[in-house]
Amino acid sequence: MSSKPMDQVTWQEIEVGAVLTEPGSARAYNTGDWRSQHPVWTKSRCIRCGVCWTVCPEAGISEEPGGYFDMNMYCKGCGICAKECVTGCISMVPEEE
Amino acid sequence: MAHRVGMEVSIAVSHAVQMSRAEAIAAYPITPQTHIVEHLSSMVANGELDAEFVNVESEHSAISTCIGMSATGARTYTATSSQGLALMNEILFIASALRLPIVMTVANRALSGPLSIWNDHGDIMAARDIGWIQIFVENGQESFDHSVMAFKIAENHKVLLPTIINLDGFILSHVVEAMEFPEQELVDKFLPPYHPRFSLDPKNPVTMGAFAMPEVYTEVKMGHQMALTGSYDHILSVWKEWGDLTGRHYKPVEKYKTDGAKILLLTMGCLSEVAEVAVDEMRDAGLEVGLLKLRMWRPFPFADLRKAVEGAELLIVCDRALSLGGAAPPVLAEVRSAFYEMPNRPRTASFVIGLGGRDIPPGVFKDIVAQAQAEAQTGPTEEYHIFGVRG
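Residues numbered from 1 in each chain as written. Chains lettered and ligands numbered in written order. Predicted model: local features only at pLDDT ≥ 70, side-chain atom pairs only at ≥ 80, totals over all residues.

*Asks:* Would you take a moment to explain the overall build of chain B for this structure?
*Replies:* Helices and strands together make up the secondary structure of chain B, namely twelve helices and 15 strands. Here the C-alpha radius of gyration of chain B, 21 Å, is about what a compact globule of 391 residues would show, namely 21 Å. Seen along its three principal axes, the alpha-carbon backbone of chain B occupies a region of about 70 × 55 × 45 Å. Within chain B, residue pairs in contact and separated by at least 24 positions form 80% of the contacts whose partners lie at least 6 positions apart. (Helix = DSSP H or I, 4+ residues; strand = E, 2+ residues; numbered from the N terminus. Rg over C-alpha atoms; globule rule 2.2 N^0.38 Å. Contact = placed C-beta atoms within 7 Å.)

Written out as structure tokens, the structure reads:
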């Protein structure tokens, strides 16, 4: 498949049998785009322990420069990070319409 | 030189697969397909066919195994019937979506229940929308020819679609007929080794069968649709090439004594030969009756059919399957759709015949024509007739 965004690919540009010839193409799927809530970190209370990163089942949390954490485009909004956070610095915020 | 042989049609099909140099076969035996795969199994065991023959525990596994083998780039064959085809169902769609050129013989048989091992077209009609090329054959020679041609059609890089050859169970699969077998040299020249466009190869890895997000599923299906409708021209060119080599030419819609015919019968499969006998007798009696034989079922040959009925007043469609509770039996539904926008379309009459092995002698066609003629004046008593049903 071409490197175009998926919603712009025409049927002619798709390989026979929708075969994918490039590895790692799943990275381009923003699988978190259907979440209904997302985690927000209060940095003043974050001790940068990485428990949220460890418990996330979807690799939806990335380490940021400075050792803090934030969600990425694979976060589904499950809230496990907020539940397990040692200091309670993560709150789940509903997605805006 | 080609040579004539007398042989059971199932065995001839297994020879066609052997002469096509199939490399991978996975099949589960089911009446009335059994003789085909039984003989292929013997050929592989005896070293007469250099292929991998995988014995599996079900048809679901048979077609799944075929998908895996075809994905490695092997020329792949299987055969089934009735319940076996039904058990394959979910995987059939995947074979065509992956664009794997598997060739399958379906020895058409009624679906249970009630349990019936005998012939009708209920099995393939229930698998109508699987996205495969689907061809019907009429006799032993056609069974042989189309089995070989199917590989060449399916493997064309502009087609790359699995292909089904439908042959009627028992009344065709189990009869002994005289057939002309070509030399191996001719088949080899006609059908070169299969070169896949993509194959499962660790040196050049690809992903087959990835999921599609809503943003792209429709586009993938459009590609499949365009390939299937576009396969029409390639099918015809393969048929022409075979015709030039063997003298046996095939068309999507075959005509028999249609010149000046006001009434046309339409049949599929080996019933067409019986209908020819009936047409001969009706012509002798002065009736302007002809016969259309629908060979190509998918892609559906809309233009050929529209052209074939020009000048006819009444088309009598003979289905060998039901669409219970539906608008029409499967073939009639398709034919009426093809005609709907035609300015001078013929009227249609519909008869379901030959279900579950019910014998259809030539007289049935004469009765059908008489009834359809009578109803052309008065209007049909039903949307479609299940002909000959008691009560």
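*Asks:* What's the story with the overall build of chain A in this structure? I'm lost.
*Replies:* In terms of regular secondary structure, chain A is built from two helices and four strands. Ordered by position from the N terminus, the helices and strands of chain A form the series β-α-β-β-α-β. The globule rule puts the C-alpha radius of gyration for 97 residues at 13 Å, and the 17 Å found for chain A is more than 25% above it. Along the three orthogonal principal directions, the C-alpha set of chain A runs to about 50 × 30 × 20 Å. Here chain A holds 97 residues, and 19% of them are scored as buried. In chain A, of all internal contacts separated by at least 6 residues, the share reaching a separation of at least 24 is 59%. (Buried ≥ 20, exposed ≤ 12 C-beta atoms within 10 Å, placed from the backbone.)

*Asks:* Would you mind going over the interface of chain B and chain A with me for this structure?
*Replies:* Frequently, the measure chosen for interface size is the accessible area removed from exposure when the parts meet. Counting from both sides, the interface comprises 19 residues of chain B and, opposite them, 14 residues of chain A. In terms of residues, the side of chain B that touches chain A owes the most to one element, helix α8 (residues 214–246) of chain B, which gives six residues. Split by residue class, the side of chain B that touches chain A holds 13 nonpolar, two polar and four charged. (Nonpolar A, V, L, I, M, F, W, Y, C, P; charged D, E, K, R; others polar.)

*Asks:* What exactly am I supposed to notice about the pairing of strand β5 (residues 103–108) of chain B here?
*Replies:* Side chains on a regular strand alternate between the two faces of the sheet. Residue and element names in this part refer to chain B. The buried fraction of β5 amounts to six of the six residues, a majority that puts the element mostly inside the structure. Burial of the side chains of β5 extends over both faces: V103, T105 and A107 are buried on one face and M104, V106 and N108 on the other. Bridge analysis of strand β4 (residues 76–80) against β5 gives four bridges, and the strand direction is parallel. From the neighbouring strand, Y77 faces β5, where its bridge partner is V103. This β-α-β element, β4 to helix α4 (residues 82–97) to β5, shows right-handed connectivity. (Pairing = 2+ DSSP bridges. Right-handed = clockwise from strand over helix to strand, strands pointing away.)

*Asks:* I tried to follow the sheet that holds strand β3 (residues 52–55) of chain B on my own but got confused; where do I start?
*Replies:* Strands pair in a sheet through their backbones, by hydrogen bonds, and they do so in one of two ways: parallel or antiparallel. Residues and elements named next belong to chain B. The sheet built from seven strands is open, its strands ordered β3-β2-β4-β5-β7-β6-β12 with mixed pairing. Both edges of this open sheet fall to β3 and β12 (296–298), since each of them pairs with a single strand only. Across the sheet, the mean angle from the axis of one strand to that of its neighbour is 20°, orientation sign disregarded. The pairing of strand β6 (residues 133–136) with strand β7 (residues 163–168) spans four bridges and is parallel. When the sheet's bridge partners are listed, I133 is paired in β7 with T163. (Axes fitted to C-alpha atoms, helices over the stretch in contact; angles between N-to-C directions.)

*Asks:* What is the right way to read the nonpolar core from this model?
*Replies:* One broad rule of soluble globular proteins: the nonpolar side chains tend to lie buried together. Core analysis: the largest hydrophobic core is formed by 120 residues, its most contacted members being L264, L265, L266, L315 and I316 of chain B. The element that contributes the greatest number of residues to this core is helix α6 (residues 140–155) of chain B, accounting for seven residues. Each of domain 1 (3–246) and domain 2 (253–386) of chain B gives at least three residues to this core. Leave out the neighbours within four places in its chain, and I316 of chain B touches I263, L264, L265, L266, A349, F351, I368, V369 and A372 of chain B. Formed by eleven residues, the second largest nonpolar core is a distinct cluster that contains C52, C56, F69 and A82 of chain A. (Core = buried A, V, L, I, M, F, W, Y, C linked by C-beta atoms within 7 Å. Domains from an automatic or database assignment.)

*Asks:* Which parts of the structure should I look at to understand the packing of helix α3 (residues 59–71) of chain B against α4 of chain B?
*Replies:* Each pair of packed helices can be described by the angle between their axes along with the distance between the axes. All names here are of chain B. As a packed pair, α3 and α4 sit with axes 7 Å apart at the nearest point and diverge in direction by 25°. Relative to α4, the element α3 lies roughly parallel. Read as a crossing pair, α3 and α4 show a hand that is right-handed. For the pair α3 and α4, the contacting residues are E59, H60, I63, S64 and I67 in the first and G84, L87, M88, I91, L92, I94 and A95 in the second. Taken together, the residues that form the contact of α3 with α4 break down as eight nonpolar, three polar and one charged. (Parallel < 35°, antiparallel > 145°, perpendicular 65-115°, else oblique. Left-handed = near helix turned anticlockwise from the far one by under 90°.)

*Asks:* Sorry if this is basic, but what is going on with the environment of L49 of chain B here?
*Replies:* All names here are of chain B. Relative to the helices and strands, L49 is located in the loop between α2 (34–45) and β3. Residue L49 is classed as buried on the basis of its 23 C-beta neighbours within 10 Å. Between the alpha carbons of L49 and R21 there is a distance of 7.1 Å; along the sequence they are 28 residues apart. When near neighbours in sequence (up to four residues on either side) are disregarded, L49 contacts Q18, L40, M43 and V44.

*Asks:* What should I look at first to understand the sheet that holds strand β14 (residues 347–352) of chain B in this one?
*Replies:* All names here are of chain B. One open sheet accounts for six strands, arranged β9-β11-β10-β13-β14-β15; its pairing is mixed. This sheet does not close on itself; its edge strands, each paired only once, are β9 (253–256) and β15 (385–386). Each of β10 (263–267), β11 (289–294), β13 (314–319) and β14 is contacted by helix α12 (residues 362–378), which is oriented at about 135° to β13, the strand it contacts most.

*Asks:* Quick question: what am I supposed to make of α4 of chain B here?
*Replies:* Along an α-helix, residues three or four positions apart point the same way, because every turn accommodates 3.6 residues. Residues and elements named next belong to chain B. With 16 residues, α4 ought to run about 22 Å at 1.5 Å a step, and its terminal C-alpha atoms sit 22 Å apart, in line with that. Those residues of α4 not exposed but buried are S82, G84, L85, M88, L92, A95, S96 and A97. Buried residues along α4 sit against α3, β4, β5, α5 (122–125) and α8. Among the residues trailing α4, R99 stands out with phi positive, at a value near 60°. (Expected span 1.5 Å × (residues − 1).)

*Asks:* In this structure, what is going on with the domain arrangement of chain B? I would like to understand it.
*Replies:* All names here are of chain B. Once the domains are mapped, chain B shows domain 1 (3–246) and domain 2 (253–386). With centres defined by C-alpha atoms, the gap from domain 1 to domain 2 works out at 28 Å. Facing the 26 residues of domain 1 at the interface are 19 residues of domain 2. Counting residues per element, the ones that place at least two in the side of domain 1 that touches domain 2 are α5, β6, β7 and α8. It is α8 that provides the largest number of residues to the side of domain 1 that touches domain 2, a total of five residues. By residue class, the composition of the side of domain 1 that touches domain 2 is twelve nonpolar, ten polar and four charged.

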